[in-house]
Amino acid sequence: KGRSDWRTYESYVLSNGVTVVTVNDPESKTTAMACCVNVGASSDPRELSGLAHFCEHMCFLGSEVYPGENEYKKYLSQHGGKSNASTSMQYTVYQFDVLADHAE
């Protein structure tokens, strides 16, 4: 961290082994998150080419909190935010941002 960096950083490991790093910027108007998973297209079995990319898309189709298709994206959009994801050969990255007043 540079001397002129006003943000605070914390890192910890979840019970499932995922490492989390948080950055707190009290001057930001948005809340954002990115998650990089160490699984990409090169992890696909030969008989299921495209599986990692398929799973990337499935993550946005619904959840307990946002059960409808695209309901999560709609919530973000209505509150100044967006989400995206990408799958490379080695990694899959999920990200979102939303106005801080609407972060849950």
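The following paragraphs examine the structure supplied in this document. Please read these numbers as outputs of a predicted model, since none were measured by experiment.

Section: the sheet that holds strand E4 (residues 82-87)
Part 1 of the argument: The antiparallel open sheet is built from three strands, whose spatial order is E3-E5-E4. What marks the edges here is a single partner per strand, and that holds for strand E3 (30-37) and E4. In this sheet, neighbouring strand axes are inclined to one another by 10° on average, regardless of whether the strands run parallel or antiparallel.
Part 2 of the argument: As paired elements, E3 and strand E5 (residues 92-99) share eight bridges and run antiparallel to each other.

Side note on the nonpolar core
Part 1 of the argument: Grouped together as the largest cluster of nonpolar side chains are five residues: Tyr66, Tyr75, Leu76, Phe96 and Val98.
Part 2 of the argument: Listed by contribution, the elements that provide at least two residues to this core are helix H2 (71-78) and E5.
Part 3 of the argument: Not counting residues up to four positions away in its chain, the partners in contact with Tyr66 are Glu71, Tyr72, Tyr75 and Glu104.

Re the packing of aromatic side chains
One pair of aromatic rings is described through two measures. These are the centre distance and the angle between the planes.
Part 1 of the argument: The final tally for this structure, using the stated rule, is five aromatic pairs.
Part 2 of the argument: Where Tyr66 meets Tyr75, the ring centres are 5.5 Å apart and the plane angle is 45°; that geometry is what we call tilted. Summarising the burial analysis for this pair, Tyr66 and Tyr75 share the class buried.
Part 3 of the argument: An aromatic cluster is built from Phe60, Tyr66, Tyr72, Tyr75, Tyr94 and Phe96, whose rings are joined through pairwise contacts.
Part 4 of the argument: Between the NZ or CZ atom of Arg7 and the centre of the ring of Trp6, over which it lies, the distance is 5.3 Å.
Part 5 of the argument: Between Lys73 and the ring centre of Phe60, over which it is positioned, the NZ or CZ distance is 5.3 Å.

About the cut-offs
- Residues numbered from 1 in each chain as written.
- Predicted model: local features only at pLDDT ≥ 70, side-chain atom pairs only at ≥ 80, totals over all residues.
- Heavy atoms only, no water.
- Pairing = 2+ DSSP bridges.
- Helix = DSSP H or I, 4+ residues; strand = E, 2+ residues; numbered from the N terminus.
- Axes fitted to C-alpha atoms, helices over the stretch in contact; angles between N-to-C directions.
- Core = buried A, V, L, I, M, F, W, Y, C linked by side-chain atoms within 4.5 Å.
- Buried < 20%, exposed > 50% of the residue type's maximum accessible area, 1.4 Å probe, protein only.
- Contact = heavy atoms within 4.5 Å.
- Phe/Tyr/Trp six-rings, centres within 6.5 Å; stacked < 30°, edge-to-face > 60°.
- Lys NZ or Arg CZ within 6 Å of the ring centre and 35° of its normal.

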